[in-house]
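Structural characterization, general
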Amino acid sequence: MEVQQFADPDSTADLLLPAPSYLEIEGTALATNCAITRFRNPAKSALISELLRLFYELGWISPATADITHWNAAAEDLIKTGFSAQEQSFQPDLVDIGSLRSNVLPVDSLLQKRIIALYEQRQEPTQF
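This write-up is about the structure you can find in this document. If you're wondering where the values come from, they're calculated on a predicted model, not measured in any experiment. (Residues numbered from 1 in each chain as written. Predicted model: local features only at pLDDT ≥ 70, side-chain atom pairs only at ≥ 80, totals over all residues. Heavy atoms only, no water.)

**A few points about the overall build of the protein**
The helix and strand inventory of the protein stands at 4 helices and 4 strands. What you see in the protein, going N to C, is helices and strands ordered as β-β-β-β-α-α-α-α. With 128 residues in all, the protein has 3% of them scored as buried. Within the protein, counting contacts between residues at least 6 apart in sequence, those at least 24 apart form 3% of the total. (Helix = DSSP H or I, 4+ residues; strand = E, 2+ residues; numbered from the N terminus. Buried < 20%, exposed > 50% of the residue type's maximum accessible area, 1.4 Å probe, protein only. Contact = heavy atoms within 4.5 Å.)

Below is the structure:
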């Protein structure tokens, strides 16, 4: 008998019982070095909705994608297709090195902006 999240094709067990993943349970466990790990069901959390609202207010996503139902539908479509999309192979010969040096991308992360501002500020004298 085995309790696993996924079936192992090399297993010799006569009985396989499904085990919940850490995303499906709520509870507390001891992790490495006796650290306490807490599991919470993400379906009951408002964090994703708050993140989507924040991304919409920052203008990072459109109003159509600011709802969790959009992302649930996208995930279901992806599962139905079976992840059949093929990755394109990287062809370094097709990269125009000159255009890479002339294109400047804006900083997307607010944290990155703050780090850059602090780095620039380091040259100014500071009094304590």
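Once you've had a look at it, read on.
**So, the packing of aromatic side chains**
For any pair of aromatic rings, the description rests on two quantities: the centre-to-centre distance and the angle between the ring planes. All chains considered together, the criterion is met by 1 aromatic pair. Relative to Trp60, the ring of Phe55 has its centre 5.4 Å away and its plane inclined at 35°; by these criteria the two rings are tilted. Taking relative accessible area as the criterion, Trp60 reaches 44% and is therefore assigned partly exposed. (Phe/Tyr/Trp six-rings, centres within 6.5 Å; stacked < 30°, edge-to-face > 60°.)

**What to know about a nonpolar patch on the surface**
Taken together, the side chains of Leu47, Leu51, Leu54, Leu58, Trp60 and Leu110 present a nonpolar region at the surface, about 560 Å² in accessible area. Looking at the nonpolar patch element by element, the count peaks at 3 residues for helix α1 (residues 47-57). The residue Leu58 is located in the loop between α1 and α2 (68-81) in this model. (Patch = residues over 30% accessible without salt bridge, like charges linked within 9 Å, V, L, I, M, F, W, Y side chains within 5 Å. Areas by Shrake-Rupley, 256 points an atom, 1.4 Å probe, with all protein chains shown as cover. Salt bridge = Lys/Arg side-chain N within 4 Å of Asp/Glu carboxyl O.)

**A short note on the pattern of salt bridges**
By the definition in use, this model includes 2 salt bridges. Of the charged contacts in the structure, one is a salt bridge between Arg53 and Glu50, with a shortest N-O distance of 2.8 Å. In this pair, Arg53 and Glu50 are both assigned in helix α1, 3 residues apart and thus about one turn of the helix distant. A residue is classified by how much of its surface remains accessible, and Arg53, at 40% relative accessible area, is partly exposed. A relative accessible area of 41% means that Glu50 is categorised as partly exposed. Between Arg53 and Glu57 there is a salt bridge, and its shortest N-O distance comes to 2.7 Å. Separated by 4 residues within a single helix, Arg53 and Glu57 lie in helix α1, roughly one turn from each other. Given a relative accessible area of 53%, Glu57 falls into the exposed group. Salt bridges here are not isolated pairs; linked through shared partners, they connect Glu50, Arg53 and Glu57.

Geometric values such as these leave the question of function open.
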